[in-house]
Amino acid sequence: MAAFNEHMVQAEHNEEIADILLNPDCTSPTWVTVIAFYSAIQYIEAAFTKTPVGHLEQYYADLRKKKDLKHIPSKHTVMEYIIAGDPKFTSFYNCYRDLRIGSEYFRYLRPGYTYFSNDKFARQCFEDSLQKIKCDLKANNFI
Amino acid sequence: MLNGLEQSCSASNIGIYSFIQFALLGELKKATESIKGQRRHNAEGTLLKYFTDMGINGDYLDINTSEEDQAWRRFTRMMIDDNMLIYQSLEAFRIYNEISEIYYSLEDDTVEFFILIDKEEYDFNFMHELFSIERIVKKMWDGKYLDFHYVPTNYIDRSILYGYHIGFKRG
């Protein structure tokens, strides 16, 4: 399981790649959105290592054993629930949702993905959603 | 306190829809007034307890419920069965004119909603309003995972809705 530093290195790497694709002109709204989401995930997973959640991978495995769920929620859904339920994370719930929705539309080319497929959407995901997540995690000394 | 309420509350004597709407607007007095029925006083007492743990934080409403304090979830669960929870969940969204249709599926552990939106592009502010409601709806369900999917009405491939129940259709 990845340690705090590994999550941070990957998060920053993803963010740099998204930045390169976005600036000065957006060359791929699809990839900027997807990579921004994966950058956010790594920042959040790094933060989790400093909370009782610990490693999300292990938390998820334990949850599946403990709850004996018939339909297993995805790891992204579990992360979403942790964010929604912890007052230290809820401030960026909306941003996580923006990034997740955009990323899923592009990755699976869901009907209507063209609805998001523009530079403005990708730029807002990168400049607002991802940056707010980072900012809030920093403000709470998680990263 | 909850035991007494368990015997006295039913879905019909609380206006969850109005309650949520007024609460989101910060109209705490009107929200408590939306509670109806003979046992209003008891129900109001419980909900007032939550108002003290409730705050408008930016664009959304926070109802703080710790792992130890599950009373809010128990409160909604004991008075509302799954079908009624579906109904209440839909009610919270349908006030938006931009929402044209809502579909859902209810499995043992998960509930999925497909919310069709009459918009031509992703509207961050509008979506954040929906996410605020989404968070409240999640808290109304106990022990189930909810997944919300938002799809533009004009672009949806309706075959993906096969097997889902229609919950709401405008007009």
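The sections below set out a description of the structure shown in this document. Counting from 1, residues in each chain are numbered in the order their sequence is written. Going through the entries in the order they are written, you letter the chains from A and number the ligands from 1. Residue-level local features of this predicted model are given only where pLDDT is at least 70; pairs of side-chain atoms are given and counted only at 80 or more, and the full residue set underlies all totals for whole chains, interfaces and linings. Side-chain metrics in this entry use all non-hydrogen atoms of the structure; hydrogen atoms and water are not considered.

The next point concerns the interface of chain A and chain B. With 31 residues of chain A at the interface, the matching set in chain B holds 29 residues. Between chain A and chain B, roughly 2,900 Å² of surface is buried when both sides are summed, and carbon and sulfur atoms account for 54% of that area. Here the buried area means the combined drop in accessible surface, using a 1.4 Å probe, for two parts upon being joined, counting both sides. Counting the surface chain A buries against chain B, the share from its top three residues, Tyr81, Asn94 and Tyr115 of chain A, is 26%. Definition used for salt bridges: Asp or Glu carboxyl oxygen within 4 Å of a side-chain nitrogen of Lys or Arg. Remark: the boundary between chain A and chain B carries three salt bridges. Between Lys120 of chain A and Glu121 of chain B there is a salt bridge; the shortest N-O distance is 2.9 Å. Think of a polar contact as two N or O atoms within 3.5 Å of one another; within protein, one of them needs to be a possible hydrogen donor and the other a possible acceptor, and neighboring residues in sequence only count if both atoms come from side chains. Our enumeration of links across chain A and chain B arrives at 11 residue pairs in polar contact (both at pLDDT 80 or more). Each helix corresponds to a stretch of at least 4 residues labelled H or I by DSSP, and each strand to a stretch of at least 2 residues labelled E; elements are numbered beginning at the N terminus. Of all the elements in the fold, those that place two or more residues in the side of chain A that touches chain B are helix 3 (56-67), helix 4 (75-85), helix 5 (93-108) and helix 6 (119-139) of chain A. Of the residues forming the side of chain A that touches chain B, the biggest block, seven residues, is contributed by helix 5 of chain A. Charged means Asp, Glu, Lys or Arg here, nonpolar means Ala, Val, Leu, Ile, Met, Phe, Trp, Tyr, Cys or Pro, and polar covers whatever is left, Gly included. The class makeup of the residues in the side of chain A that touches chain B is 13 nonpolar, 10 polar and eight charged. A contact between two residues is defined here by any heavy atoms of the two lying within 4.5 Å.

What follows covers the pairing of strand 3 (residues 99-106) of chain B. All names here are of chain B. The rule is simple: take the accessible area with a 1.4 Å probe, protein chains only, and divide by the maximum for that residue type; under 20% is buried, over 50% is exposed, in between is partly exposed. Most of strand 3 is tucked away, with seven of its eight residues classed as buried. The criterion for strand pairing is that DSSP finds at least two bridges linking the strands in question. Pairing analysis gives seven bridges linking strand 3 to strand 4 (residues 110-117), with the strands arranged antiparallel. Bridge pairing in strand 4 places Ile102 opposite Ile115. In this structure, the hairpin formed by strand 3 and strand 4 is closed by a connection of three residues. As defined by bridge partners, strand 3 adjoins strand 6 (residues 165-169) across four bridges and the pair is classed as antiparallel. In the sheet register, Tyr104 faces strand 6, and the bridge partner there is His165.

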